[in-house]
Amino acid sequence: MYKKNLTHICGVKNIKNSINKPFNNQTIKFLSELSRLIVTDKKNKIYPDLISFAFWIRNSKISSIKNKISDLNSKVSKGSIFHIAPSNVPLNFAYSFVFGLITGNSNIIKLPNKNFPQVLIFCKIINFLFNIKEFNELKNKNSFIKYNSEISEITKDYSIKSNVRIIWGGDKTVKTVKQFDTSLKNLDITFSDRTSIAVLNVSKNIFKNKIDFDLLAQNFYNDTFLMDQNACSSPHIIIWQGKTKDIIKFQNFFWNSLYKIVKKKYDMPLIASIDKLDLICEDSIKYKKYIRKIINHDNFIVRVLLNDAPEDLSVLRGKFGYFYEINSNNLKNIINKLNHKFQTLTYFNIEKDYVHNLLLNNQKYAIDRVVPIGRALEMSFIWDGYDLLNILTRQITID
């Protein structure tokens, strides 16, 4: 039996699979308490991703979303959801859990095997809340578990029992899990390996003082370094638009501002230095004909400046602060080189309607969301093009 290889962290071993209404008062209150307990503990402030999550689930935010749903009274949950979270993003599982919880579903959440401190804090608070009598019913509907992904027997068992599977991870993970049998009416929602892009338009006198540069650099830092560029929405490629002399001037201010922030805030793991040096060597060989220059800022930031780009831009992947830069005033041409691997386009000083129209008229499956720089990691109930509030509920129609 596989049970000796399975660890229950929070909730119950055998969940209660029942049909419930989405956005019920008990769930909203539970999330509000979870948010409050995270934010009020000062020790948690060193984890910005944890604080961001807490603000995302606060009462005012959830209630605002609820009030925008016109047909809420005719919706019910689908049943039980099996969540398979990625191993490299600490709190991805928490957002997935909220998607399932808020829509009234029961949830089995596979936690990352790595002991991220944010995961430990989250589970400690969840256990505390589950032991409050008011939230006992929620405890019976949710189970947080840990096991080695290579033990396929466990994944097979939970797959056949669930009504929905939410699968996060690389393409290999998604393909592996999709091979396992499910019930005939099971729904799979897959969030596979994706990447993102940033577009910055440069013109004279954009910024009046250094404070503005620092703010943009801080926002870009949040989009990239907070998740080591592991988040699917973190940009790897930067498109600069404008006159060459303006771009050069702007870049000098921007990268210097970012460098100071990274040097002060970023705890760069040893492996990051090695990986970036390896990438420099690989890119120098693979993309020699495209590379104009490589600039290394004490290995905190590595910039690969390209004269041109390969037809498939998704092959350009950085990590730990490794970016590819292209100067191009033809955004349409860049978008035509994107494919289904691209999720988010973050922008600065560009008309979002212009970008929106380019994407709507593009014949390729590319880019699901467009947000200002600084909001790349801001989770939404519409993600990767999925409207999760509708997908995770069942509509009952009565004529």
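Everything here concerns the structure above.
How each quantity is defined
- Residues numbered from 1 in each chain as written.
- Predicted model: local features only at pLDDT ≥ 70, side-chain atom pairs only at ≥ 80, totals over all residues.
- Heavy atoms only, no water.
- Buried < 20%, exposed > 50% of the residue type's maximum accessible area, 1.4 Å probe, protein only.
- Helix = DSSP H or I, 4+ residues; strand = E, 2+ residues; numbered from the N terminus.
- Pairing = 2+ DSSP bridges.
- Right-handed = clockwise from strand over helix to strand, strands pointing away.
- Axes fitted to C-alpha atoms, helices over the stretch in contact; angles between N-to-C directions.
- Contact = heavy atoms within 4.5 Å.
- Core = buried A, V, L, I, M, F, W, Y, C linked by side-chain atoms within 4.5 Å.
- Parallel < 35°, antiparallel > 145°, perpendicular 65-115°, else oblique.
- Nonpolar A, V, L, I, M, F, W, Y, C, P; charged D, E, K, R; others polar.

Enquirer: I keep staring at the pairing of strand 6 (residues 164–168) and nothing clicks. Help me out?
Expert: The two faces of a sheet get side chains in turn, since along a regular strand they alternate between them. Of all 5 residues in strand 6, 5 are buried, a share of seventy percent or more. Judged from the 4 bridges that link them, strand 3 (residues 80–84) and strand 6 form a sheet pairing that is parallel. Looking at strand 6, one finds that Ile-81 is bridged to Val-164. The pairing of strand 6 with strand 7 (residues 187–191) spans 5 bridges and is parallel. Within the sheet, the bridge partner assigned to Ile-166 lies in strand 7 and is Ile-189. Between the parallel pair strand 6 and strand 7, the chain is carried across by helix 8 (residues 171–178), and the sense of this crossover is right-handed.

Enquirer: I would appreciate a short explanation of the sheet that holds strand 5 (residues 142–146) in the present structure.
Expert: Picture the strands of a sheet paired through backbone hydrogen bonds; they go either parallel or antiparallel. Spatially, the 6 strands line up as an open sheet ordered 1-5-4-3-6-7, and their pairing is mixed. A single partner strand is all that each edge strand has here, and the edge strands are strand 1 (7–11) and strand 7. Pairs of neighbouring strands in the sheet enclose a mean axial angle of 15°, with direction left out of account. When strand 3 meets strand 4 (residues 106–110), the two strands line up parallel, connected through 5 bridges. Across the sheet, residue Phe-82 finds its bridge partner in strand 4, namely Ile-108. Relative to strand 4, helix 4 (residues 92–102) is tilted by about 170°, and along the sheet it contacts strand 3, strand 4, strand 5 and strand 6. Each of strand 1 and strand 5 is contacted by helix 5 (residues 117–130), which is oriented at about 55° to strand 1, the strand it contacts most.

Enquirer: What exactly am I supposed to notice about the nonpolar core here?
Expert: Across soluble globular proteins, nonpolar side chains show a tendency to be buried alongside one another. Formed by 56 residues in total, the largest nonpolar core has its most connected members in Phe-30, Leu-34, Phe-53, Phe-93, Phe-122 and Phe-144. Elements with a contribution of two residues or more to this core: helix 1 (25–40), helix 2 (48–56), helix 3 (59–67), helix 4, helix 5, strand 6, strand 7 and helix 14 (388–391). When sequence neighbours within four positions are dropped, the list of residues in contact with Phe-93 reads Ala-85, Ile-109, Leu-111, Pro-112, Val-119, Phe-122 and Phe-144. Counting 31 residues, the second-largest nonpolar core is a separate cluster that includes Tyr-324, Leu-338, Val-355 and Ala-366.

Enquirer: Please explain the sheet that holds strand 13 (residues 342–348) as it appears in this structure.
Expert: Spatial ordering of the open sheet is given by 10-11-12-9-8-13-14, a layout of 7 strands whose pairing is mixed. Sheet topology places strand 10 (291–297) and strand 14 (369–372) at the edges, where each strand pairs with a single neighbour. Recorded for the sheet is a direction-independent mean angle of 25° between the axes of neighbouring strands. Inspection of the sheet shows strand 9 (residues 235–241) paired to strand 12 (residues 322–327) by 4 bridges, in the parallel sense. Considered in strand 12, the bridge of Trp-240 is made with Asn-327.

Enquirer: Which parts of the structure should I look at to understand the environment of Ile-51?
Expert: Residue position: Ile-51 is located in helix 2. On a C-alpha basis, the gap between Ile-51 and Asn-299 in space is 28 Å, while along the polypeptide they are 248 residues apart. Those residues in contact with Ile-51 that sit more than four places away from it in its chain are Ile-38, Asn-44 and Lys-45.

Enquirer: I tried to follow the pairing of strand 4 on my own but got confused; where do I start?
Expert: Burial within strand 4 is extensive, with 5 of its 5 residues counted as buried. Here strand 4 shows no split at all, with Ser-106, Ile-108 and Lys-110 on one side and Asn-107 and Ile-109 on the other all buried. Note that the unit made of strand 3, helix 4 and strand 4 has a crossover that is right-handed. Summarising the sheet, strand 4 and strand 5 pair through 4 bridges and their orientation is parallel. For Asn-107, the partnering residue across the bridge sits in strand 5 and is Asn-142.

Enquirer: Got a minute to help me understand the packing of helix 1 against helix 3 in this structure?
Expert: Taken N-terminus to C-terminus, the directions of helix 1 and helix 3 make an angle of 150°; their axes are 9 Å apart at the nearest point. When the axis of helix 1 is compared with that of helix 3, the two are roughly antiparallel. Each of Asn-25, Ile-28, Leu-31 and Ser-32 in helix 1 lies in contact with helix 3, whose residues at this interface are Asn-59, Ile-62, Ser-63 and Lys-66. Residues that form the contact of helix 1 with helix 3 fall into these classes: 3 nonpolar, 4 polar and 1 charged.

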